[in-house]
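The chain contents come next:
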Amino acid sequence: MTKAINVLIFFSVALSCARAQVPSGFKSLFNGKDLEQWHTSRTSHQGTVGNFYVEDGVITLKQNPYGQGGILLTNKKFKDFELYVEVKIDSFCNGGIFLRSTETGQAYQIELAMPGGTGSLLGEAMQISQGAEAKDIAKAWKANDWNSFRVRMVGEVPKISLWVNGVFMWEVKQPKNDFTAGAIEGMIGLQSHWTALYQAIPGGFNMPGAWRPGAAHRFRNIAVKEL
Amino acid sequence: MKARILLICFLLGGEWVMAQTKITNTVGMEFVLIDAGTVVIGEFKPPYPVPADTVKSLPHDYMMYMGQGRGYNEKEFKLAREMATRDSKEGHVFQISRPYYMATTEVTQAQWKKVMGYNPSQFTGDSLPVENVSWKEVQKFIKKLNTLERHKAYRLPSEAEWEHAARAGSKKDIPWKEIEVSANLNKKTTVAVASKKPNAWGLYDMLGNVWEWVDDYYNEKLFADPEPPKKGKQHVLKGASFVGDVKNATYMTHAGGPGNGWDVGFRIVKGVEKNSK
């Protein structure tokens, strides 16, 4: 009997290690079944339809039709918050986590691209004053596996901090609020990048390397703590 | 130079109708006559990479987005071709059976204020396009304008009318160089209407500045269906805004509300009246 209990405890611990949990005090943004707390941006330059769905209990972002990405947004807007999310990204796909995103997808962005600039702070569809690079990410990153991101964003002039798998990456205080119309709150967004236009047109270039055909970015245990 | 008034004829409802090519209404809105015709909407032929393509010659800034110089392998080239071919569509031919007058510019704040008596816009200025207007508020504006002029000819364009007018006869989507000279993009705010080059039919800001509401309900698909939905949660937005870019500031982009609010406006059309002989 004791042996059976020990085996049970062992598997419980192993399971909890393999599938980390949302930190206490955070409110889940995903029920593991559907996207009821989320919606697709219908005005994003990445694409207007998105191919976003729940598979095996995780949010999955792919392209469909060919070349069209998109942005998945929370229904709710957040001002000062900490975000916890676990991500698993296929290589050669450019995506990101959007912070205080507008409906169309202007946002401060944590880049998700392997190889590439994963963990960098960039502007999506807007210029930001101060970017950042996660120079130490290799020390924390688990290739082809789940990795946790913890982001803290506070202040009307935003100060943003990032931890990957619990390892501090950077903290950036912007010199000004870069948002159009001075927005001080916005949605959390998940992005899959476009790669092709509607048609081949003169002067248009395409970005096939921005999303490998058939590939996915996956997200689970997404939760937020409003501050 | 003395302005010339041009008269042309249309067969409308079995009778020939003469209409001016340009008109100005009581609140100073200018319109041009758009002829009936056909427009193909939703011809989707996404380009895909082939093995001869290389990403090595691209500027450094693009390298990250292109996969750090890594090209596709053979399997990925094949899959890209298969997906692009699978998803390609010929589009639908939309018949626009009646001519209509289309406003040469987005409705300005001065025009909105004249009709409605208030200004909902985030970025203010008389010659800037009105924004921060819902589709329902736009209907109130149109109703009031029709009442002011004692007819019922003003309305929003259908998506097909909008795209027919935006394309101005072009079969292919807009080249990027043309977008750059005609569309207000990558700005911090809206800008004065008609500040860039008009299209071939004399319409300004069909792309950029503010998204434009059209009459149709939004189908939540990449392109319009042959018939718009009878009902829906949102209406279609066309043309992208000042925070858009060359990817969505094209004739073809079929977007849906609500947008950002501060980058959503509209332009109106006026039906050609049967008694305009």
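Note that the structure is predicted; figures quoted are calculated from it, not measured. (Residues numbered from 1 in each chain as written. Chains lettered and ligands numbered in written order. Predicted model: local features only at pLDDT ≥ 70, side-chain atom pairs only at ≥ 80, totals over all residues. Heavy atoms only, no water.)

A. Representation of the sheet that holds strand 12 (residues 264-265) of chain B in the model. Residues and elements named next belong to chain B. Ordered in space as 11-10-9-12, the four strands form an open sheet in which the pairing is mixed. At either margin of the open sheet sits one strand with a lone partner, and together these are strand 11 (255-256) and strand 12. Direction of pairing for strand 9 (residues 211-217) relative to strand 12: parallel, over a ladder of two bridges. Across the sheet, residue tryptophan 211 finds its bridge partner in strand 12, namely valine 264. The strands that helix 4 (residues 135-149) touches are strand 9 and strand 10 (235-238); relative to strand 9, the one it contacts most, it runs at about 90°. (Pairing = 2+ DSSP bridges. Helix = DSSP H or I, 4+ residues; strand = E, 2+ residues; numbered from the N terminus. Contact = heavy atoms within 4.5 Å. Axes fitted to C-alpha atoms, helices over the stretch in contact; angles between N-to-C directions.)

B. Here's a closer look at empty space enclosed by the protein. This model, assessed by the stated rule, comprises three cavities of 30 Å³ or more. The calculated volume of the largest cavity comes to roughly 50 Å³. As for the largest cavity, its lining consists of Leu197, Tyr198, Gln199 and Ile201 of chain A together with Asp173, Lys247 and Thr250 of chain B. Residue composition of the lining of the largest cavity, grouped by class: three nonpolar, two polar and two charged. (1 Å grid on protein atoms, 1.4 Å probe; cavity = no way out; pocket = protein on both sides within 12 Å on 5 of 7 lines; lining within 4 Å. Points joined across faces, edges and corners; volume = space filled by probe spheres on them. Nonpolar A, V, L, I, M, F, W, Y, C, P; charged D, E, K, R; others polar.)

C. Main features of the packing of aromatic side chains. Enumeration over the complete set of coordinates arrives at 15 aromatic pairs over all chains. Arranged with centres 6.0 Å apart and planes meeting at 80°, the rings of tryptophan 112 of chain B and phenylalanine 266 of chain B form a pair that is edge-to-face. Here tryptophan 112 of chain B, found in helix 3 (residues 109-116), pairs with phenylalanine 266 of chain B, found in the loop between strand 12 and strand 13 (269-271); they are 154 residues apart in sequence, far enough to count as distant. The pair tryptophan 112 of chain B / phenylalanine 266 of chain B is uniform in exposure class, with both members buried. Ring centres of phenylalanine 242 of chain B and tryptophan 262 of chain B lie 5.7 Å apart, and the angle between their planes is 45°; this geometry places the pair in the tilted category. Highlighted residues: phenylalanine 242 of chain B in the loop between strand 10 and strand 11 and tryptophan 262 of chain B in the loop between strand 11 and strand 12, separated in sequence by 20 residues. According to the relative accessible area criterion, phenylalanine 242 of chain B is buried, its value standing at 0%. One aromatic cluster is present, formed by Trp112, Tyr118, Phe141 and Phe266 of chain B through successive ring pairs. Looking at arginine 220 of chain A, its charged tip hangs above the ring of tryptophan 146 of chain A, at a distance of 4.2 Å from the centre. The ring of tyrosine 198 of chain A has lysine 247 of chain B lying over it, and the distance from NZ or CZ to the ring centre is 5.3 Å. (Phe/Tyr/Trp six-rings, centres within 6.5 Å; stacked < 30°, edge-to-face > 60°. Buried < 20%, exposed > 50% of the residue type's maximum accessible area, 1.4 Å probe, protein only. Lys NZ or Arg CZ within 6 Å of the ring centre and 35° of its normal.)

D. Local environment of the interface of chain B and chain A. Taken residue by residue, the interface counts 54 residues in chain B and 47 residues in chain A. Taken together, the links from chain B to chain A amount to two salt bridges. Salt-bridge contacts for glutamate 76 of chain B lead to arginine 212 of chain A; the nearest nitrogen and oxygen are separated by 3.4 Å. The tally of links between chain B and chain A comes to 14 residue pairs in polar contact (both at pLDDT 80 or more). With seven residues, the top contributor of residues to the side of chain B that touches chain A is helix 2 (residues 74-87) of chain B. Classifying every residue of the side of chain B that touches chain A by side-chain character gives 29 nonpolar, eleven polar and 14 charged. (Salt bridge = Lys/Arg side-chain N within 4 Å of Asp/Glu carboxyl O. Polar contact = N/O pair within 3.5 Å; in protein donor to acceptor, adjacent residues only side chain to side chain.)

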